[in-house]
Amino acid sequence: MTLISSPASGPAVSARVSEIVAANAGREGPLLPILHEIQQEFGHVPEDAVQVIAEGLNLGRAEVHGVISFYHDFRKLPAGRHVLKICRAEACQSMGSEALGERARAKLGLDWGETSADGRVTLEPIFCLGLCACAPAAMLDGELRARLDEASLDALLKEARA
Amino acid sequence: MKLHLPADAAAKALGAEKVAAALKAEAQKRGIALELIRNGSRGMIWLEPLLELATPQGRFAFGPMTPEAVSAFFDDPAAHPLALGRTEDLPWLKRQTRLTFARCGVIDPLDLADYEAHEGLAGLRRALEMEKPALVQEVTESGLRGRGGAGFPTGIKWKTVSEAPGPKKYIVCNADEGDSGTFADRIIMEGDPFTLIEGMIIAGLATGAEQGYVYIRSEYPDAVNVMSKAVEIGRAAGLLGRSVLGSERAFDMEVRVGAGAYVCGEETSLLNSLEGKRGIVRAKPPLPALQGFLGRPTVVNNVISLATVPIILARGAQFYKDFGIGRSRGTIPLQIAGNVRYGGLFETAFGLSLREIVEDIGGGTASGRPVKAVQIGGPLGAYFPQALFETPFGYEEYAGQGGLIGHAGLVVFDDRADMLQMARFAMEFCAVESCGKCTPCRIGAVRGVETVDRIARGDRRAVGILKDLCETMKSGSLCALGGFTPYPVMSALTHFPEDFARAQEAAE
Ligand SMILES: Cc1cc2nc3c(=O)[nH]c(=O)nc-3n(C[C@H](O)[C@H](O)[C@H](O)COP(=O)(O)O)c2cc1C
Ligand code: SF4
Ligand code: FES
């Protein structure tokens, strides 16, 4: 297994993307569901997918690119094996999330939005998880954590680096 | 033994899954037959995970539950150190008027029979007997205003769509809930999804729309999951589909997931996103009510607006209207958040003072330090100082103090908060989330960050520049992202000038 994952490409990708596009093309406003499904499958939206989507939905490539880049969720490159998102919005700030964010950055040696060189972990900011009454909050690989303090953050970082 | 333990995202984030596992293991060890219902949250987030034991005398609460405390719970529940007594006698619940959230935390969220047994579908059954104008009239008379932020009368919006010509119309539920300090949409979608479905069907009956979409932010995977399941269950049960509850009327709906863009909570940006486009804000007119999704007449309503419709139909407009103050009728789910001791969702009639909300209900700060400021209405809402704490909770009352109630989230800050930094954050957030359509927002917010930084370095003249910039953003922005970012900024500057003068003093 390689630690650093590279973007998916090639005929297999195009074939699978074609299937996803075909399955969704009849819906009203199919593009976001398609992009979500592709990202779910490949962990990112591969460059090779853009052409296939554009053709399938009768859109320009630039248009598809424009949509992908507009939304924070869609990745052009794969993320690390673990993705740690720390909430930086106001309610979490009121409970000290900025200091926890600093701590995470220092301990992981990463800035916001970066992936570690060994491909293990990506650190990202997120703006509200709806856990504002039990702040500060974070999400590790889709799993929620609340009322974080230094000790529980350290435990979380350990999981993230595993 | 019958137990309830929330599967709400906040309960899970506070360890509910470990408690559930411990309960199952312990029951098995003791050979006890366990019925564990995963309900929604009752909103008392500070007590989550809140375990409830069903008894002939009612449900008894235990919380916040931990895996370690499970064994003693099985030994003798009554003597357990986390025992809180009967759930419905808890003062925090007893003080509320739970209309929209009446079932939330009580029933099994995905059990349609349980839903019906608790007054569910009563509103829809009545609506099916009514003509469109009468239905619209009922909602108008209730005084219900949009809970998404702008406070526009729901009945009037429905009337426009109802009377708009066109073979195809839509009901779009705005579940983008991006405001920090808010989680009412999340809690009801996870805890009582059929209320929202019922509200959307009624909206369809009132306007002639037969298709609905719920646009849920991607940060809410649990809500997406529960809502999607509820829609499937609703279809299988004949609640949704060609013949709603066996009637001649059709309504179906689908769950759609956002992709991490705050501005997509703005209704026209949301519609673009739903259509598969960049979430750029559209100029109005045309109103979405006339030319919305795919250019067709569309109701866009917040989750809570729609989820409140069933009780209005079930009990009548007058019943709902009798709660509240002034032009703020009915109840509002306050979301008490941030640095607060008893945080959570508290549904009550409009009119409580901020002091009652923060001090009595919220119990002051979690840190035990003095309250410095409360931001109301999300990242576009104003910071209120103690001096404004007597303001009654209502749309006009807040507007009168240079604020807004927005989606009714309240974020409490203690005396360590640096309001200059909060003003900077507001500008930074606006810069990052701007859809880019208008210059005062896109460029102005970036200038705003720079200007706050100049003030932080002790540049006195920059204060005037910041004020001018806020004026420009207010008057020259197409939507409230650019237009209302001045609220948090100016309220911080006006009410907490000392935080903007610190560097200046140091420089002199
Ligand atoms: C930047 C921005 C973000 C918004 N976010 C939301 C949101 O997350 N949820 C919501 O219901 N309304 C949001 N709104 C308000 C909507 O534009 C719209 O007024 C609302 O969905 C109408 O529903 P209502 O009348 O039921 O409140 C937002 C507005 C702006 C300008
Ligand atoms: S104010 Fe900002 S977010 Fe709103 S339309 Fe203009 S640029 Fe877009
Ligand atoms: S502000 Fe962090 S969860 Fe809402």
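In this text, all values refer to a predicted model and were calculated from it rather than measured experimentally.

Chemist: Could you give an account of the overall build of chain A, naming the residues involved and the relevant values?
Modeler: In terms of regular secondary structure, chain A is built from seven helices and four strands. Along its sequence from the N terminus, chain A presents helices and strands in the succession α-α-α-α-β-α-α-β-β-β-α. Overall, chain A is about 50 × 35 × 20 Å in size when its C-alpha atoms are taken along their principal axes. Across the 162 residues that make up chain A, the buried fraction comes to 51%. Surface accessibility of chain A: about 7,100 Å² in total, with carbon and sulfur atoms responsible for 52%.

Chemist: Just give me the short version of unusual backbone geometry, but keep the residues and values in it.
Modeler: Working note: non-glycine residues mostly have negative phi, and peptide bonds are mostly trans. Residue and element names in this part refer to chain B. For the peptide bond that leads from Lys284 to Pro285, omega is -5°, which places it in the cis range. Its place among the elements puts Pro285 in the loop between helix H12 (267-274) and strand E9 (298-302). Of note, the amide linkage connecting Pro285 to Pro286 takes the cis form, showing an omega dihedral of 5°. Examined against the element boundaries, Pro286 turns out to sit in the loop between H12 and E9. Although it is not a glycine, Leu245 sits at a positive phi angle of roughly 50°. Within the secondary structure, Leu245 is located in the loop between helix H11 (221-236) and strand E8 (252-257).

Chemist: Just give me the short version of the interface of chain B and chain A, but keep the residues and values in it.
Modeler: Taken together, the contact between chain B and chain A spans 64 residues of the former and 36 residues of the latter. Between chain B and chain A, roughly 3,500 Å² of surface is buried when both sides are summed, and carbon and sulfur atoms account for 58% of that area. The largest contributions to the chain B side of the interface with chain A come from Ala259, Arg278 and Phe425 of chain B, which together make up 16% of the buried area. Counting the contacts that link chain B with chain A gives three salt bridges. In this structure, the salt-bridge partner of Lys168 of chain B is Glu28 of chain A, at a minimum N-O distance of 3.4 Å. For the interface between chain B and chain A, the tally reads 26 residue pairs in polar contact (both at pLDDT 80 or more). Residue assignment for the side of chain B that touches chain A shows that the elements contributing at least two residues are helix H1 (9-13), strand E7 (211-216), H11, E8, H12, strand E12 (331-338), strand E16 (409-414) and helix H17 (419-433) of chain B.

Chemist: Outline the pattern of salt bridges, supporting the account with residue identities and numerical values.
Modeler: Taken as a whole and assessed by the stated rule, the structure comprises 52 salt bridges over all chains. Between Arg30 of chain B and Glu26 of chain B there is a salt bridge; the shortest N-O distance is 2.8 Å. Of the two residues, Arg30 of chain B and Glu26 of chain B both sit in helix H2 (residues 16-30), four residues apart, roughly one turn of that helix. We note a salt bridge from Arg416 of chain B to Asp414 of chain B, for which the minimum N-O separation is 2.7 Å. Each of Arg103, Lys107, Glu150 and Asp154 of chain A takes part in salt bridges that share partners, so that together they form one network.

Chemist: Break down the confidence of the model for chain B for me, with residues and values.
Modeler: Reading fine detail from the predicted coordinates is not recommended where pLDDT is low. Here chain B shows a mean pLDDT of 97. Residues at 70 or above account for 99%. ipTM for the predicted complex: 0.96, alongside a pTM of 0.97.

Chemist: Pulling in residues and values, what's your account of the side chain of Asn39 of chain B?
Modeler: All names here are of chain B. The topology assignment puts Asn39 in the loop between strand E2 (35-37) and strand E3 (51-55). For Asn39, a relative accessible area of 2% translates into the label buried. Within the structure, the side chain of Asn39 is placed 2.8 Å from the backbone oxygen of Gly105, a separation counted as a polar contact. Residue contacts for Asn39: discarding those within four places in its chain leaves His4, Leu5, Pro6, Ala7, Asp8, Glu52, Arg59, Gly105, Ile107 and Pro109.

Chemist: Which residues make up the sheet that holds strand E1 (residues 82-87) of chain A, and what values go with them?
Modeler: All names here are of chain A. Read from one edge of the open sheet, four strands run E2-E1-E3-E4, paired in mixed fashion. The outermost strands of the open sheet, each flanked by one partner alone, are strand E2 (121-126) and strand E4 (143-145). Along the sheet, successive strands turn relative to each other by an average axial angle of 20°, direction set aside. Here E1 pairs with E2 via six bridges, running parallel. Paired with Cys87 across the bridge in E2 is Ile126. Strands in contact with helix H7 (residues 150-161) are E1, E2, strand E3 (138-140) and E4; relative to E1, the strand with the most contacts, it is inclined by about 155°.

Chemist: So what about the packing of aromatic side chains? Which residues, and what values?
Modeler: Enumeration over the complete set of coordinates arrives at 21 aromatic pairs over all chains. Taking the centre distance of 4.9 Å and the plane angle of 55° together, the rings of Trp46 of chain B and Tyr342 of chain B count as tilted. Linking Trp46 of chain B in the loop between E2 and E3 with Tyr342 of chain B in the loop between E12 and strand E13 (344-349), this pair joins segments that are 296 residues apart in sequence. Through a chain of ring-to-ring contacts, the aromatic side chains of Phe127 of chain A together with Tyr262, Phe425 and Phe429 of chain B assemble into a single cluster. The ring of Tyr395 of chain B carries the charged tip of Arg145 of chain B above its face, separated from the ring centre by 4.1 Å. Seen from the ring of Tyr487 of chain B, Lys474 of chain B lies directly overhead, with NZ or CZ sitting 5.8 Å from the centre.

Chemist: Report on helix H18 (residues 439-456) of chain B, specifying residues and quantitative values.
Modeler: All names here are of chain B. Taking 1.5 Å of rise per residue, 18 residues should cover 26 Å, and H18 covers 25 Å from first to last C-alpha, within 8% of that figure. Of all the bends in H18, the greatest measures close to 30° and is centred on Ala445. Three or more residues of H18 are buried, namely Pro440, Cys441, Gly444, Ala445, Gly448, Val449, Thr451, Val452 and Ile455. Directly after H18, the chain includes Gly458, whose backbone phi takes a positive value near 100°.

Chemist: Describe the domain arrangement of chain A, listing the residues and the values that go with them.
Modeler: In many analyses, interface size is given as the accessible surface area lost on bringing the parts together. For chain A, the assigned domains read domain 1 (11-70) and domain 2 (82-161). A separation of 30 Å is found between the C-alpha centroids of domain 1 of chain A and domain 2 of chain A.

Analysis parameters
Residues numbered from 1 in each chain as written. Chains lettered and ligands numbered in written order. Predicted model: local features only at pLDDT ≥ 70, side-chain atom pairs only at ≥ 80, totals over all residues. Heavy atoms only, no water. Helix = DSSP H or I, 4+ residues; strand = E, 2+ residues; numbered from the N terminus. Buried < 20%, exposed > 50% of the residue type's maximum accessible area, 1.4 Å probe, protein only. Areas by Shrake-Rupley, 256 points an atom, 1.4 Å probe, with all protein chains shown as cover. Contact = heavy atoms within 4.5 Å. Buried area = accessible area lost by both parts, 1.4 Å probe. Salt bridge = Lys/Arg side-chain N within 4 Å of Asp/Glu carboxyl O. Polar contact = N/O pair within 3.5 Å; in protein donor to acceptor, adjacent residues only side chain to side chain. pLDDT = per-residue confidence, 0-100. Pairing = 2+ DSSP bridges. Axes fitted to C-alpha atoms, helices over the stretch in contact; angles between N-to-C directions. Phe/Tyr/Trp six-rings, centres within 6.5 Å; stacked < 30°, edge-to-face > 60°. Lys NZ or Arg CZ within 6 Å of the ring centre and 35° of its normal. Expected span 1.5 Å × (residues − 1). Bend = angle between axes of the 7 residues up to and from the residue. Domains from an automatic or database assignment.

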